[in-house]
Amino acid sequence: MKRGTQERLVQCSDPGITAVPISVPADTVKLRLEKTLISKVSRAAFYNLSELRFLWLTYNSITLIHPSSFVNLKALRELRLDGNLLTSFPWEGLRDMPRLQTLGLHNNRLSSLPAHAALFLPNITYLDLSSNRLTILPAELLDLWFPLPGQSEGQVERRILGLHDNPWLCDCQISMLMSLSMTLGSTVVLMDQLLMCSKSLSQSELLQTQAELSRCMRPSVQPAATRVISPMGSNVILRCDATGYPTPTLTWIKTSTYTNCCQQDILDNSEQLPRILESFMQESPRVGVRWSIISLNGLSYKDAGEYRCQARNMAGISEALIKLKVMGITKIPHLPKKSRKISSKSPSKYRKPYQIPAITNAPSVKDNQILSSITPFSNNQAKKPQSLVTFLEQMSTLENTK
């Protein structure tokens, strides 16, 4: 054991050691167990070493690591497991080391790199997977190491990756990795840029050529429209086209809804978002081209919002945003009714009440004769109301004589 002025360093390289020692002082900052016969790292093997920042378990005979081996190592920043016999690694165990930045797995027997490993690697800035048996690189790792503009929060940290000396299959993942890492200003640096890959595991290794790199292309999405406004109750079709190689797959996702003053009725019953939508997808006769549509029938306010058309292939992910606005139906003003002449045969309830024409000139001689023929009311008659029918008959007679 070695102890400095401020930090305790412990190094063990006894070939007779077969298990992680339990007598390591609790204030140890750096622990190195090298060239021993340790074959298994048990659960909570370093639980008492909460101040540990550097853990080297290199060139032992480790074949198995328990997923909870690193519990309570909240201060650990560097973990090296180079030169062991690991065929798998418990990636979920990285959650117990939130400050870990360096992970060395060089010269093991890892044959697969699962997609869920990307969930536990955001903070890793140095990852050495060289000299293993890896063949496929998940697309999720490319998305982690080369995020699209707007997807990353804050400044993207520079990463150093060791992926050489693996029998990689020649696919777009490796091609894109090499291509993007060599671009100016790339945040990823490969320890060895000349990755060797093979067409199949049975064939001899071939160097990835620039011609093969040019075949792979991250998807590009082009929507038919980025803003759509349609009245309530109408039918709408949203469409987007995508290009890329290999031919990308398309997925429609509703990511948000509008919450303006006209849609308060849907706020209480808001849907769970984001939500993947059913869509119709069609591949073009041209290689690498595909389009997709979604159909929205009988629009209501809950259909308004943001829709994302997401394209994915082995080279990466791309998406386009479409905003849909649903307008309310406005009240149509009533047009003025045309005047219609009611025939005398119409029912009496539809007839207009008789209007006495205004007399603008003095009555003629003929009019005076007609008026004189009407018997004037006597005093007794004036006291009684005249029958409406009798009055209308007299007025009708007057009109006919004219």
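The preceding data block contains the structure.
So, here's what we can say about the structure.

Rules used in this analysis
- Residues numbered from 1 in each chain as written.
- Predicted model: local features only at pLDDT ≥ 70, side-chain atom pairs only at ≥ 80, totals over all residues.
- Heavy atoms only, no water.
- Helix = DSSP H or I, 4+ residues; strand = E, 2+ residues; numbered from the N terminus.
- Contact = heavy atoms within 4.5 Å.
- Areas by Shrake-Rupley, 256 points an atom, 1.4 Å probe, with all protein chains shown as cover.
- Pairing = 2+ DSSP bridges.
- Axes fitted to C-alpha atoms, helices over the stretch in contact; angles between N-to-C directions.
- Salt bridge = Lys/Arg side-chain N within 4 Å of Asp/Glu carboxyl O.
- Buried < 20%, exposed > 50% of the residue type's maximum accessible area, 1.4 Å probe, protein only.
- Polar contact = N/O pair within 3.5 Å; in protein donor to acceptor, adjacent residues only side chain to side chain.
- Core = buried A, V, L, I, M, F, W, Y, C linked by side-chain atoms within 4.5 Å.

**Focus on the overall build of the protein**
In terms of regular secondary structure, the protein is built from six helices and 23 strands. Across the protein, the fraction of contacts at a sequence separation of at least 24, relative to all contacts at a separation of at least 6, is 62%. Per element, the accessible surface of the protein, about 24,800 Å² overall, is 53% carbon and sulfur.

**Quick word on the sheet that holds strand β16 (residues 227-231)**
Hydrogen bonding along the main chain pairs the strands of a sheet, whether they run parallel or antiparallel. Judged by pairing direction, the sheet is mixed, and its five strands sit side by side in the order β16-β23-β22-β18-β19 without closing on themselves. Looking along the sheet, the strands with just one partner apiece sit at the ends: β16 and β19 (275-277). Pairs of neighbouring strands in the sheet enclose a mean axial angle of 30°, with direction left out of account. Bridging between strand β18 (residues 249-256) and strand β22 (residues 305-313) involves seven bridges; their strand directions are antiparallel. Its bridge partner lying in β22, Trp252 is registered against Cys309.

**Here's the deal with the pattern of salt bridges**
For the structure shown, the criterion picks out seven salt bridges. Measuring nitrogen to oxygen at the nearest pair gives 2.8 Å for the salt bridge that ties Glu78 to Arg80. Overall, Glu78 belongs to the buried group, its relative accessible area being 13%. Classification of Arg80 as buried rests on a relative accessible area of 18%. Several salt bridges share partner residues, and in doing so they unite Glu78, Arg80 and Asp82 into one network.

**A word on the pairing of strand β17 (residues 236-245)**
Side-chain direction in a regular strand flips from residue to residue, so the side chains alternate between the two faces of the sheet. Only one face of β17 is covered, namely the face carrying Val236, Leu238, Cys240, Ala242 and Gly244; the face carrying Ile237, Arg239, Asp241, Thr243 and Tyr245 is uncovered. Two strands pair when backbone bridges link them, and strand β15 (residues 217-223) and β17 are joined in this way by five bridges, in the antiparallel orientation. Bridge pairing links Val221 to Ala242 in β17. Of the strand pairs in this sheet, β17 and strand β21 (residues 289-296) are connected by eight bridges, and their pairing is antiparallel.

**Thoughts on the side chain of Ser230**
Mapping Ser230 onto the fold places it in strand β16. A polar contact of 2.5 Å, which involves the side chain of Ser230, links it to the side chain of Ser234. Aside from chain neighbours lying at most four places away, what touches Ser230 is Val236, Leu299, Lys325, Val326 and Met327.

**Some points on the nonpolar core**
Core analysis: the largest hydrophobic core is formed by 60 residues, its most contacted members being Phe46, Leu55, Trp91, Trp145 and Leu177. Listing elements by their share of this core, those giving two or more residues are β2 (8-12), β3 (28-33), α1 (139-145), α2 (172-181) and β12 (188-190). Broken down by element, this core gets its largest block of residues, five residues, from α2.

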